[in-house]
Amino acid sequence: GLQPTLFLYVAPPAVAAVSWTAMNHGTCDGVCKGFFSISFFFFITMAVHFQRFLWKTPYSVAVWAFTFPSAALASAAIEFADESGDFMVYLALLLSIVAVVIWCSAVLTGVYFTVTRGVEVLLSPGSEVDTEVYIPDTEELADYEDETMI
């Protein structure tokens, strides 16, 4: 279903933190830190349910709902880490790695399900795959070119 789309709640405060920092000329003040904290809270809340989202939900377009919020949170952590201590630098690095792993997982899962579904359709009894290719003759091509030139 659409349960992975709940992860989209992570993105708005993270994007707001990055935008607030940009409006303050690179300074991450209390408002920025508040937006980041809200986003990180949503991330931790949703991370508890990752197993249910990933392994018990059939693959769909909703799986891509993990990619943008995780990248937005990593960007916000990088902005926050510029003015904070070593802990935030390591947290930003960890969140960046998590964002890359989530993106790679979504791509590989999509490729896997596309290939296995395609093989399943091809090998199922009674499936008719149209392998015939239509090649127009030169008269049809000339008529098409005349119509498109008008």
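Read on for an overview of the structure. (Residues numbered from 1 in each chain as written. Predicted model: local features only at pLDDT ≥ 70, side-chain atom pairs only at ≥ 80, totals over all residues. Heavy atoms only, no water.)

Right, let's get into a nonpolar patch on the surface. There is a patch of nonpolar side chains on the surface, built from Val89, Tyr90, Leu93, Ile97 and Val101 and spanning about 490 Å² of accessible area. Locating Tyr90 in the fold gives a position in helix α5 (residues 86–123). (Patch = residues over 30% accessible without salt bridge, like charges linked within 9 Å, V, L, I, M, F, W, Y side chains within 5 Å. Areas by Shrake-Rupley, 256 points an atom, 1.4 Å probe, with all protein chains shown as cover. Salt bridge = Lys/Arg side-chain N within 4 Å of Asp/Glu carboxyl O. Helix = DSSP H or I, 4+ residues; strand = E, 2+ residues; numbered from the N terminus.)

The next subject is the side chain of Ser39. For Ser39, the location among the structural elements is in helix α2 (residues 30–47). Of the residues examined, Ser39 reaches a relative accessible area of 0% and is grouped as buried. (Buried < 20%, exposed > 50% of the residue type's maximum accessible area, 1.4 Å probe, protein only.)

When the terminal C-alpha atoms of α2 are compared, their 25 Å separation across 18 residues agrees well with the 26 Å that a helix rising 1.5 Å per residue should span. Every buried residue of α2 is accounted for by Cys32, Phe36, Ser39, Phe43 and Met46. Projection of α2 onto a plane perpendicular to its axis shows the buried side chains occupying an angular sector of 85°, all on one side. In this structure, α2 carries Gly30 and Phe41 as exposed residues pointing more than 90 degrees from its buried face. (Expected span 1.5 Å × (residues − 1). Arc of directions from axis to C-beta.)

Attention now goes to the nonpolar core. Core analysis: the largest hydrophobic core is formed by 24 residues, its most contacted members being Phe7, Phe36, Phe43, Leu73, Ala77, Met88 and Leu95. For this core, the secondary-structure elements that each account for two or more residues are α1 (11–23), α2, α4 (67–81) and α5. Residues contacting Ala77, with those up to four places away along its chain left out, are Phe36, Met88, Ala92 and Leu95. (Core = buried A, V, L, I, M, F, W, Y, C linked by side-chain atoms within 4.5 Å. Contact = heavy atoms within 4.5 Å.)

Once that is clear, we can look at the state of the cysteines. In this structure the tally under the stated criterion is 1 disulfide. A sulfur-sulfur distance of 2.4 Å marks the disulfide that ties Cys28 to Cys32. Disulfide Cys28-Cys32: the torsion about the S-S bond is -85°, which places it as left-handed. We note that Cys28, like Cys32, is buried. (Disulfide = S-S within 2.5 Å.)

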